[in-house]
Amino acid sequence: MSGDEAVAAPVVPPVAEAAAIPEDMDVSTALELTVRKSRAYGGVVRGLHESAKLIEKRVAQLCVLAEDCNQPDYVKLVKALCADHSIKLLTVPSAKTLGEWAGLCKIDSEGNARKVVGCSCLVIKDYGEETTALNIVKKHLESN
């Protein structure tokens, strides 16, 4: 190849936004998208022991607790840790839902979650990139 030939750069078509996020989504959907995005960036830890360590270190940015957790001491501990260390706390109705968001499931060929394991507590230490869903969650946290 001689030095005077111009190398053509490959043409890359513009990428459309993967999922158009509506501005008027509810907090639950926004929280789901935020948890999934954080998980993609490695910013999610699950379980009481790991969550408590991050809350104690004040690294946690958000704690999510399942309302249907049947261990009252577990709930009391997580709420007390979050209150003591000024960590924002949100609740979701079901541990199975939280487990699915946290990736504790198998995805079948049709894209449906199978064998979902419940998750009572989840902590986000890194949100990843700024998204509309994250802004909705932050606005909800500021208003409460």
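Just so it is clear, the model here is predicted, and its values are computed rather than measured.

Draft legend 1. How the structure looks around the overall build of the protein. For the protein, the helix and strand inventory stands at five helices and six strands. Tracing the protein from N to C terminus, the helices and strands come up as α-β-α-β-α-β-α-β-β-β-α. In the protein, which comprises 144 residues, the share counted as buried stands at 33%. Across the protein, every contact between residues at least 6 apart in sequence was considered, and the portion connecting residues at least 24 apart equals 72%. Of the roughly 9,200 Å² of accessible surface on the protein, 52% is carried by carbon and sulfur atoms.

Draft legend 2. Region of the structure containing the pairing of strand β6 (residues 121–124). Here β6 shows no split at all, with C121 and V123 on one side and L122 and I124 on the other all buried. Pairing geometry for strand β1 (residues 44–46) and β6, over three bridges, is antiparallel. The partner of V44 across the bridge, within β6, is I124. In this sheet, β6 lies alongside strand β2 (residues 62–66) in antiparallel orientation, the contact comprising four bridges. The partner of L62 across the bridge, within β6, is I124.

Draft legend 3. A look at helix α2 (residues 48–57). If you check which residues of α2 are buried, you get S51, A52, L54 and I55. For α2, the angular spread of buried residues about the axis comes to 165°, placing them on one side. Residues of α2 that are exposed and point over 90 degrees away from its buried face: H49 and K57. The secondary structure elements touched by the buried residues of α2 are β1, β2, α3 (72–84) and β6. Looking one or two residues beyond α2, the residue adopting positive phi is R58, at roughly 65°.

Conventions and cut-offs
- Residues numbered from 1 in each chain as written.
- Predicted model: local features only at pLDDT ≥ 70, side-chain atom pairs only at ≥ 80, totals over all residues.
- Heavy atoms only, no water.
- Helix = DSSP H or I, 4+ residues; strand = E, 2+ residues; numbered from the N terminus.
- Buried < 20%, exposed > 50% of the residue type's maximum accessible area, 1.4 Å probe, protein only.
- Contact = heavy atoms within 4.5 Å.
- Areas by Shrake-Rupley, 256 points an atom, 1.4 Å probe, with all protein chains shown as cover.
- Pairing = 2+ DSSP bridges.
- Arc of directions from axis to C-beta.

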